[in-house]
Structure formats: structure tokens, C-alpha cells
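Here are the chains, one letter per residue:
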Amino acid sequence: LVVSDGAFFFFLLVGWHQPLPPSVKHWWLNLSIQVLCGLFSYPAVVNAPWILAAWRRVGDEAGVGFGAEKSREPWFHFSKSEKVTLLALKTLNVTAQYVNQWSRVAY
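Residue positions are counted from 1 within each chain, in the order its sequence is given. Selection of residues for local features in this predicted model requires a pLDDT of at least 70, selection of side-chain atom pairs for listing and counting requires 80 or more, and totals for whole chains, interfaces and linings are taken over all residues. In computing side-chain values, all of the structure's heavy atoms are included and hydrogens and water are not.

**Observations concerning the side chain of Ser-41**
To be explicit about the condition: Numbering of helices and strands runs from the N terminus, with a helix taken as a DSSP run of H or I at least four residues long and a strand as a DSSP run of E at least two residues long. Here the term buried applies to any residue with accessible area under 20% of the maximum for its type, exposed to any over 50%, and partly exposed to those in between, with areas from a 1.4 Å probe on protein chains only. Here a polar contact is recorded for every N or O atom pair within 3.5 Å, except that within protein the pair must consist of a potential hydrogen donor and a potential acceptor, and residues adjacent in sequence are included only if both atoms are side-chain atoms.
Looking at where Ser-41 falls in the secondary structure, it is placed in helix α2 (residues 22-56). Take Ser-41: its relative accessible area is 8%, and that puts it in the buried class. A polar contact of 2.8 Å, which involves the side chain of Ser-41, links it to the backbone oxygen of Cys-37.

**Section: α2**
Quick reminder of the rule: Take the residue count of a helix, subtract one, and multiply by 1.5 Å to get its expected span.
With 35 residues, α2 extends 50 Å between its outermost C-alpha atoms, agreeing within 8% with the 51 Å of an ideal straight helix rising 1.5 Å per residue. All of the buried residues in α2 are Leu-29, Ser-32, Ile-33, Leu-36, Cys-37, Ser-41, Ala-44, Ala-48, Ile-51 and Ala-54.

**Let's talk about the confidence of the model for the protein chain**
Here is the rule: Every residue gets a pLDDT, meaning the predictor's confidence in that residue, from 0 to 100.
Per-residue confidence for the protein chain averages 81 on the pLDDT scale, and 98% of its residues sit at or above 70. Mean pLDDT across the elements of the protein chain bottoms out in helix α1 (residues 2-14) (81) and peaks in helix α3 (residues 80-106) (85).

See the structure below:
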């Protein structure tokens, strides 16, 4: 979906389509960018609860999962500084997606 809508948006931007009246072209551009924002915001919404839970348990010892049981998942074997760095980047990404979507709705 992202690739097809992104290609559609690109083709509208560079003019590789049948000549459209400006109002129709702007309507399709707006719809296309809204779809792209929605597609990129969905993972942010889905990942938000996991990120909040991971922040809460960032100081746990290596190898211990969310339920205080041993885990073989790679995430739980990172050091505390690696977890903080990765969580900060994930939090920044989620926040940027929310701000982007809000700005699209508000303006």
C-alpha cells in the first residue's frame, strides 16, 4: 500500500498523468498524502503500548522479560544504555508520527 500510494503521489507531483484541473489535482494530492500519513501512523499506534512497557522495565537485569521470567528474545539481552538509546529513538519516531498526523488534521 505504501509503495503504490507513494508512486501515485510521486506521479502526481511530477505531472506524469493526464492533464487535470488544478482543483482536482490538489484533491488527489491531499488524499494521497493523507493515506501515506495514515499508513505510517498505524505502526506508531500499534507500537506505543510496547514502548511504554519497555520504558517501565528498562532497568531490569539482562535476560528477564516483561513478566519477570527468563526470555530468549534479543531485546531483553541488550544493556541498559543500549535499551535507553533504542527506546529514545522509537519514542522520537512515534512522537513525530503523532505530530505529523495531528498537523495534517489540524491544517
